[in-house]
Amino acid sequence: MKLIGLGNDIIEISRIEKAISKNGFIEKVFSSEEIEVIKSKGNRSESYGGRFAAKEAISKALGTGVRNFKLVDIVILNDSLGKPYVIFKNNLEKYMKNYIIEISISHCKEYATAVAIIFAKGE
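Calculation criteria
Residues numbered from 1 in each chain as written. Predicted model: local features only at pLDDT ≥ 70, side-chain atom pairs only at ≥ 80, totals over all residues. Heavy atoms only, no water. UniProt positions renumbered as here; feature names shortened; annotations may be inferred. Helix = DSSP H or I, 4+ residues; strand = E, 2+ residues; numbered from the N terminus. Buried < 20%, exposed > 50% of the residue type's maximum accessible area, 1.4 Å probe, protein only. Contact = heavy atoms within 4.5 Å. Areas by Shrake-Rupley, 256 points an atom, 1.4 Å probe, with all protein chains shown as cover. Salt bridge = Lys/Arg side-chain N within 4 Å of Asp/Glu carboxyl O. Phe/Tyr/Trp six-rings, centres within 6.5 Å; stacked < 30°, edge-to-face > 60°. Expected span 1.5 Å × (residues − 1).

- Looking up the protein in an unreviewed UniProt entry gives the name Holo-[acyl-carrier-protein] synthase, with the organism given as Cetobacterium ceti.
- In its Function (unreviewed entry) section, the UniProt entry covering the protein states "Transfers the 4'-phosphopantetheine moiety from coenzyme A to a Ser of acyl-carrier-protein."

Dropping the structure here:
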């Protein structure tokens with residue numbers, strides 16, 4: 001597989017706490033599926049922070065930043081073992097069909113961080 005991009009992001013949990021307390025932030029950044037998962041895990045700021053960092057890391061791996069799509073178009077879910085995976089929607093769905101993306105998310109009390117790697121399929 002050919003490496004297309006690598007992205008990394010870190011965010012302070014206190015910044016996410018402030019942001020999620022503002023009206024509309026959660027719905028602007030997170031899909032209904034993500035919100036449901038986060039609520040099922042206790043609705044913790046760390047969970048929002050980890051997914052936010054993952055979305056930012058993916059945008060950096062794409063090399064575009066957040067352009068021509070919205071953060072809500074990147075959906076971070078978990079498989080049965082808890083491993084995060086990505087679903088793309090709207091403008092990104094068609095664009096990303098020929099790519100494989102791997103992500104890793106970590107957090108502690110003060111920070112959330114994520115790494116994203118994008119590979120081309122079949123190369």
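1. Regarding the overall build of the protein
- A count of helices and strands for the protein gives 5 helices and 5 strands.
- If one aligns the C-alpha atoms of the protein with their principal axes, the spans along those axes are about 40 × 25 × 25 Å.
- Counting every position in the protein, which comprises 123 residues, the buried fraction comes to 42%.
- Counting contacts in the protein only where the partners sit at least 6 residues apart, residues at least 24 apart contribute 57% of the total.
- Working note: accessible area of the protein is about 7,200 Å², and carbon and sulfur atoms make up 50% of it.

2. Some words on the pattern of salt bridges
- Applying the stated criterion across every chain yields a total of 5 salt bridges.
- Between Lys89 and Glu33 there is a salt bridge whose closest N-O contact spans 3.0 Å. In this pair, Lys89 sits in the loop between strand E3 (84–88) and helix H5 (91–95) while Glu33 sits in helix H3 (residues 32–40), placing the two residues 56 residues apart along the sequence.
- Of the charged contacts, one joins Glu102 and Lys83 as a salt bridge, the two residues approaching to 3.2 Å between their closest N and O atoms. Separated by 19 residues along the polypeptide, Glu102 in strand E4 (residues 99–107) and Lys83 in the loop between strand E2 (74–78) and E3 bring together distant segments of the chain.
- Here Lys83 falls in the partly exposed class, since its relative accessible area comes to 42%.

3. Some details on the UniProt feature "domain: 4'-phosphopantetheinyl transferase" (unreviewed entry) in the protein
- Those residues carrying the UniProt feature "domain: 4'-phosphopantetheinyl transferase" (unreviewed entry) are residues 5–115 in this numbering.
- For residues 5–115, the end-to-end C-alpha separation is 11 Å, with 41% helix and 29% strand making up the annotated structure.

4. A closer look at the packing of aromatic side chains
- Scanning all chains against the criterion turns up 4 aromatic pairs.
- Here Phe25 and Phe30 contribute two aromatic rings whose centre-to-centre distance is 6.4 Å and whose plane-to-plane angle is 75°, an arrangement assigned as edge-to-face. Here Phe25 matches Phe30 in class, with each residue buried.
- By way of ring pairs, the aromatic residues Phe25, Phe30, Tyr48 and Phe52 are connected into one cluster.

5. Examining the side chain of Ser45
- Residue position: Ser45 is located in helix H4 (residues 45–62).
- Taking relative accessible area as the criterion, Ser45 reaches 14% and is therefore assigned buried.

6. Structural notes on H4
- With 18 residues, H4 extends 26 Å from end C-alpha to end C-alpha; this agrees with the ideal 26 Å at 1.5 Å per step.
- The buried count for H4 comes to 17 of 18 residues, which makes it a mostly enclosed element.
- Note on H4: the residue one or two positions beyond its end, Gly63, has a positive phi of about 85°.

7. Details of unusual backbone geometry
- Of note in this structure, Asn43 is not a glycine but carries a positive phi near 55°.
- Residue position: Asn43 is located in the loop between H3 and H4.
- Even without being a glycine, Asn90 presents a positive backbone phi close to 55°.
- Turning to its location among the elements, Asn90 is positioned in the loop between E3 and H5.

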